[in-house]
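One-letter residues, chain by chain:
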Amino acid sequence: AQSVTQPDIHITVSEGASLELRCNYSYGATPYLFWYVQSPGQGLQLLLKYFSGDTLVQGIKGFEAEFKRSQSSFNLRKPSVHWSDAAEYFCAVGVASGTYKYIFGTGTRLKVLA
Amino acid sequence: GAVVSQHPSRVICKSGTSVKIECRSLDFQATTMFWYRQFPKQSLMLMATSNEGSKATYEQGVEKDKFLINHASLTLSTLTVTSAHPEDSSFYICSASPSTYEQYFGPGTRLTVT
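Residues numbered from 1 in each chain as written. Chains lettered and ligands numbered in written order. Predicted model: local features only at pLDDT ≥ 70, side-chain atom pairs only at ≥ 80, totals over all residues. Heavy atoms only, no water.

Participant: Describe the pattern of salt bridges, and please don't skip the residues or the numbers.
Facilitator: Residue and element names in this part refer to chain A. This structure, assessed with the given rule, holds eight salt bridges over all chains. As a salt-bridge pair, aspartate 8 and arginine 22 come within 2.9 Å of each other at their nearest N and O atoms. Separated by 14 residues along the polypeptide, aspartate 8 in the loop between β1 (3–5) and β2 (10–14) and arginine 22 in the loop between β3 (19–21) and β4 (24–26) bring together distant segments of the chain. In this structure, arginine 77 engages glutamate 66 in a salt bridge whose closest nitrogen and oxygen atoms are separated by 3.3 Å. Taken as a pair, arginine 77 in strand β9 (residues 73–78) and glutamate 66 in strand β8 (residues 64–68) lie far apart in primary sequence, eleven residues in all. Residue class for glutamate 66 comes out partly exposed when judged on its relative accessible area of 23%. Connected through shared salt-bridge partners, Glu64, Glu66 and Arg77 make up one network. (Salt bridge = Lys/Arg side-chain N within 4 Å of Asp/Glu carboxyl O. Helix = DSSP H or I, 4+ residues; strand = E, 2+ residues; numbered from the N terminus. Buried < 20%, exposed > 50% of the residue type's maximum accessible area, 1.4 Å probe, protein only.)

Participant: Would you mind going over the sheet that holds strand β7 (residues 67–73) of chain B in detail, with residue names and values included?
Facilitator: Residue and element names in this part refer to chain B. Pairing is antiparallel across the open sheet formed by four strands, whose spatial order is β1-β3-β8-β7. Here the strands that pair on one side only, and so sit at the sheet edges, are β1 (4–7) and β7. Neighbour to neighbour, the strand axes of the sheet diverge by 15° on average, direction disregarded. Across six bridges, strand β3 (residues 19–25) lies against strand β8 (residues 76–81) in antiparallel orientation. Residue pairing for β8: isoleucine 21 is matched across the bridge by leucine 79. (Pairing = 2+ DSSP bridges. Axes fitted to C-alpha atoms, helices over the stretch in contact; angles between N-to-C directions.)

Treat this as a map of the structure, not an account of what it does.
Structure, rendered in structure tokens:
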């Protein structure tokens, strides 16, 4: 079955500290992988995506993610967190299904301490 | 660019009535639109996929007679919750897709059924 797991429901980090949000997926074919951020009152914003090629993907706002096929993982990282990064983060996998669809993980809520 | 709007942002309706939510792609054409439901502190659950001019494809467990979806143009899709009940209260999010594995999300609509 196709699924996305985000093991950490909540993460708290201090401003300026590094961040890693975990994402594992289950999908039999080549995955199309995404990280989105959701802030209150705003739609989901795409941080980065992986389709093929270089397994280290750079995104917006200083985020990056690394695709590891052997571990079925697509972890999101940021070297130095800013208070404005506090939000909900969702990992998603795009799967072929009729047209296509996204399967989202349960999300990780990030809290940033000043 | 790539802005998706939803209207209304919040709606309160009485049990037994119907409510319509609009989703518009403002600066691009979307051959496909998606409707999601998000429960508090949970992930986005895909409800249905709609292609312009075609009947929507509903995910398993989603009542197509309760959640009517119309995708009449390349920039507008509507979700009508018919005979709403308190258990239909939720956060509804649409996305618009101009091409495969490319989705832009609306800010969501908070539905409260009293």
